[in-house]
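Coordinates in review
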Amino acid sequence: MDAPLLKERERATFNVTELIHLLNGSEEETKRRKELESWLYNNPVFRQDDRYQISREEVYERGLQKTRELVNLCRRKNIKFDSLDFARLNISTLEELPFFLHVIMFIPTIRGQGTEEQKRKWLPLAEDLKILGTYAQTELGHGTFLRGLETKATYDVSSREFIVNSPTITSMKWWPGGLGKTCNYAVIAAQLYTKGKCYGIHMFIVQLRSLEDHKPLPGVTIGDIGNKYGFHTVDNGFLRLDNVRIPYENMLMRYAKACDYIPPVNPKINYGTMTSIRVDLVKDASVILAAASTIAIRYSAVRHQTEIRPGEEPPVLDYITQQFKLFPQIATAIAFHFAGDYMHRIYDKVQSEIFDGHLSAITELHGISAGLKAFTTDTSIAGVEICRRACGGHGYSNASGFQRFYENWLGSATYEGENTVMYLQAARYLFKCYDNPKEAPETMSYLRYPQNKMEWNVKSADDVSNYATLITAFEQRALSKISSTAKKLKNLTHYGMNRNDAWNAASVDILHSIKAHCHYFIVKNYMQSLNHLKMSSPLRQVMTAVALLYANYGIDEHAGDFLESGFMNGKQINLVRAKILQLLKEIRVNAVAIVDSFDFDDRFLRSALGAYDGNVYNRLFKWAKLSPLNKTEVHSSYKYLRRILQSKL
Ligand SMILES: CCCCCCCCCC/C=C\CCCC(=O)SCCNC(=O)CCNC(=O)[C@H](O)C(C)(C)COP(=O)(O)OP(=O)(O)OC[C@H]1O[C@@H](n2cnc3c(N)ncnc32)[C@H](O)[C@@H]1OP(=O)(O)O
Ligand SMILES: Cc1cc2nc3c(=O)[nH]c(=O)nc-3n(C[C@H](O)[C@H](O)[C@H](O)COP(=O)(O)OP(=O)(O)OC[C@H]3O[C@@H](n4cnc5c(N)ncnc54)[C@H](O)[C@@H]3O)c2cc1C
């Protein structure tokens, strides 16, 4: 164990194990998670040490080998794909396996939108992996605008079949995970046509490849879309269908019927699978940022560089600027952990209502999940990059561990709903509630009360240590944004602009409003969650400091908003900044212990900089020696180098 990390751990003022159990939910949950991880990490198939020295094809092949291992493990241990245990195993692999979409979207779509008869037929095949499916919705020409999708499913009454067709090149399905080479089925989003009329997007089960030899079926043109930023293990694919016929029974009809068309009670119920992933992404954002913070904090405690006082080369974690970069990332990771818990609670509640036939809450769930998905993924993507940059040159090496998970996570600003579009969807719901405050859900209850101008009664740095005053600050900031934007929308329509054009004209203000609302929700949920949790006073002291840092840092980061709202003045902003410096100092002694409480196994982080023992330099050198270029002392390409050296300029 590197001496600096040992010393850091000895200085901690709280019990790390207590925080590990609190973040896991309980001691039993911690034990279960570690047991599941051990099953994976002790299996050499899940190795990653040569991850950046193999080709895309080898990466994909490894992905299938891991999938086989994971499936065999689940079968041996009787772990179901829709279980929390599987979700934990999946996160522990920390890379999307080729059959990933089968589990997170193909099966859930059938489960959520199939009739009882369709579920009886398809779910056993899918859960036993007799078929492997993906969720094929996005097309070359459309990903966001679902009503603009061009794939057609035309009902042929005479044969009781649907003819599924890609009429144009832009209608080709493009991006679905596992579509290129892995899956032999897909749930296809297509415009339903029956008796010459279009009834909008519905979901259809289509077989793509033979179950005998995996060759594409007649009318199916299919393949991999090529290399991308990340998701290298996943064969995101393209698919063109040339009048492929499928049985009538292959349209998922829990909520709509094709023959003598019966529409769903709420057409957006077809969008339900996407909502479930957006909910998961809020917690994923916490995990990713916690992992990045762990690497950066441990490295910063070991890395000694330059001098504060002559002759003393301190750990870079002693630099206030380094603390100002990294401690807010720890705080954000914990804030998003509690936001993820909230999202899952709300999702489970709405799902049970939907299964009882009450669909009214799906609009609220969409409004909340779309906003938090966008806010937490945007923030965590930026936070990972802050952590990487805080590690200097070695942060730029693949040995740092950052790239492996960052390259997948970058996509979260786009997949499952492009973030700007998601913000605007959430804002649509927010402004509806602003106009009808009595219909506002608990998360927007502050819209119910008359907007009275408030002054922030803050006179000293201690006043910015109060959860209630901080929550009020974020509430007033959001209200100020929302009410001024609502006024702008009203003026635009008052002077003759139609609602849609007015919405577009005000969309930058709308974006600021929904972001301020999301930020308020995260702060409030974070502090209320801590208030409800039982913990020892030493731990509460640490968790309070971290939560106060999250809120005060948020005010400093958006000081203009708080000043513009009239709720705060310049002097109070300076009190907030003084509070931040005081909190950085308070958190410094526990920084390493707090990231230890995220409890990442070294084999999850796979980082020479963030390993638990802090033995950075030996790990970096060992990793460098793995480079293929070092297989020989003189590389085989020397012949070209020699000509360069001998050539005359
Ligand atoms: C450590 C862990 C690391 C793990 C990291 C990796 C994790 C990886 C996970 C996933 C990875 C890859 C998988 C990616 C899969 C995909 O990307 S699948 C495709 C995703 N595509 C989208 O999200 C499309 C986005 N577009 C839309 O959803 C719709 O087009 C949009 C909502 C934007 C508009 O739909 P319209 O039909 O045009 O609706 P509008 O006219 O705008 O009206 C909106 C009304 O509809 C209600 N609505 C919309 N969506 C929903 C919904 N999902 N549920 C309920 N209600 C919805 C909305 O509230 C409006 O209602 P109102 O009219 O106001 O009452
Ligand atoms: C790694 C990865 C995996 C994926 N996996 C799948 C999958 O398994 N299945 C699947 O079906 N799809 C998948 N997708 C596709 C993904 O869902 C879409 O790319 C995503 O929904 C965004 O749609 P788009 O590409 O059409 O972006 P666009 O909507 O074309 O975005 C382009 C720009 O237009 C802006 N814009 C668009 N509409 C509006 C609006 N109304 N108002 C303001 N601005 C707007 C956006 O903000 C953005 O800046 C995946 C994508 C990635 C990157």
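The rules we used
Residues numbered from 1 in each chain as written. Chains lettered and ligands numbered in written order. Predicted model: local features only at pLDDT ≥ 70, side-chain atom pairs only at ≥ 80, totals over all residues. Heavy atoms only, no water. UniProt positions renumbered as here; feature names shortened; annotations may be inferred. Near = heavy atom within 4 Å. Polar contact = N/O pair within 3.5 Å; in protein donor to acceptor, adjacent residues only side chain to side chain. Areas by Shrake-Rupley, 256 points an atom, 1.4 Å probe, with all protein chains shown as cover. Helix = DSSP H or I, 4+ residues; strand = E, 2+ residues; numbered from the N terminus. Core = buried A, V, L, I, M, F, W, Y, C linked by side-chain atoms within 4.5 Å. Buried < 20%, exposed > 50% of the residue type's maximum accessible area, 1.4 Å probe, protein only. Domains from an automatic or database assignment. Contact = heavy atoms within 4.5 Å. Pairing = 2+ DSSP bridges. Nonpolar A, V, L, I, M, F, W, Y, C, P; charged D, E, K, R; others polar.

The name given to the chain in an unreviewed UniProt entry is Acyl-coenzyme A oxidase, with the source organism recorded as Trichoplax adhaerens. Of the chain, the UniProt comment under Pathway (unreviewed entry) reads exactly: "Lipid metabolism; peroxisomal fatty acid beta-oxidation." In UniProt, the chain has this text filed under Sequence similarities (unreviewed entry): "Belongs to the acyl-CoA oxidase family."

Before going further, it helps to examine the site of ligand 2. Of all residues adjacent to ligand 2, which total 19 residues, the nearest are Tyr 135, Thr 138, Gly 143, Thr 144 and Glu 418. Taking Thr 144, its side chain carries an N or O atom lying 2.5 Å from an oxygen atom of ligand 2. In isolation ligand 2 exposes 970 Å². Once the protein is present, 62% of that is buried. With three residues, helix H13 (residues 419-435) is the largest single contributor of residues to the shell around ligand 2.

Residues Phe 327, Trp 456 and Ile 555 are the most contacted members of the largest nonpolar core, which totals 175 residues. Tallying contributions element by element places helix H8 (residues 272-302) first for this core, with 18 residues. Formed jointly, this core draws a minimum of three residues from each of two domains, domain 1 (107-264) and domain 2 (440-592). Setting aside its immediate chain neighbours within four residues, Trp 456 contacts Val 464, Thr 469, Leu 470, Ala 473, Ile 555, Phe 567, Met 568, Gln 572 and Val 576. Counting 25 residues, the second-largest nonpolar core is a separate cluster that includes Ala 153, Ala 186, Phe 204 and Ala 258.

Attention now goes to the sheet that holds strand E4 (residues 173-174). Overall, antiparallel pairing links the three strands, which are arranged E4-E8-E7 in an open sheet. Among the strands making up the open sheet, the edge pair consists of E4 and strand E7 (220-224). With two bridges connecting them, E4 and strand E8 (residues 237-241) associate as antiparallel partners. Its bridge partner lying in E8, Lys 173 is registered against Leu 239.

A word on the pairing of E8. Consecutive side chains of a regular strand alternate in pointing toward one face of the sheet and then the other. Extensive coverage of E8 is indicated by the burial of four of its five residues. For E7 and E8, the ladder comprises five bridges, and the chain directions are antiparallel. Each residue of the ladder has a partner; that of Val 220, found in E8, is Leu 241.

This part covers the UniProt feature "domain: Acyl-CoA oxidase C-alpha1" (unreviewed entry) in the chain. Per the UniProt record, "domain: Acyl-CoA oxidase C-alpha1" (unreviewed entry) is found at residues 271-430. When the span residues 271-430 is considered, its composition is 74% helix and 0% strand, and the gap between its end C-alpha atoms is 19 Å.

Close to ligand 1 lie 34 residues; Thr 144, Arg 147, Lys 268, Tyr 271 and Arg 278 are nearest. Contact between ligand 1 and Leu 146: an oxygen atom at 3.3 Å from a main-chain N or O atom of the residue. Between a nitrogen atom of ligand 1 and a side-chain N or O atom of Thr 275, the distance comes to 3.1 Å. Listed by contribution, the elements that provide at least two residues to the shell around ligand 1 are helix H6 (100-113), H8, helix H10 (362-389) and H13. The residue makeup of the shell around ligand 1, split by class, is 17 nonpolar, nine polar and eight charged.

Here the focus is unusual backbone geometry. For Phe 231, which is not glycine, the phi dihedral falls at a positive 50°. In this fold, Phe 231 is placed in the loop between E7 and E8. Note on Phe 231: relative accessible area 16%, which makes it buried. Of note in this structure, Asn 243 is not a glycine but carries a positive phi near 50°. Residue Asn 243 is classed as partly exposed on the basis of its relative accessible area of 44%.

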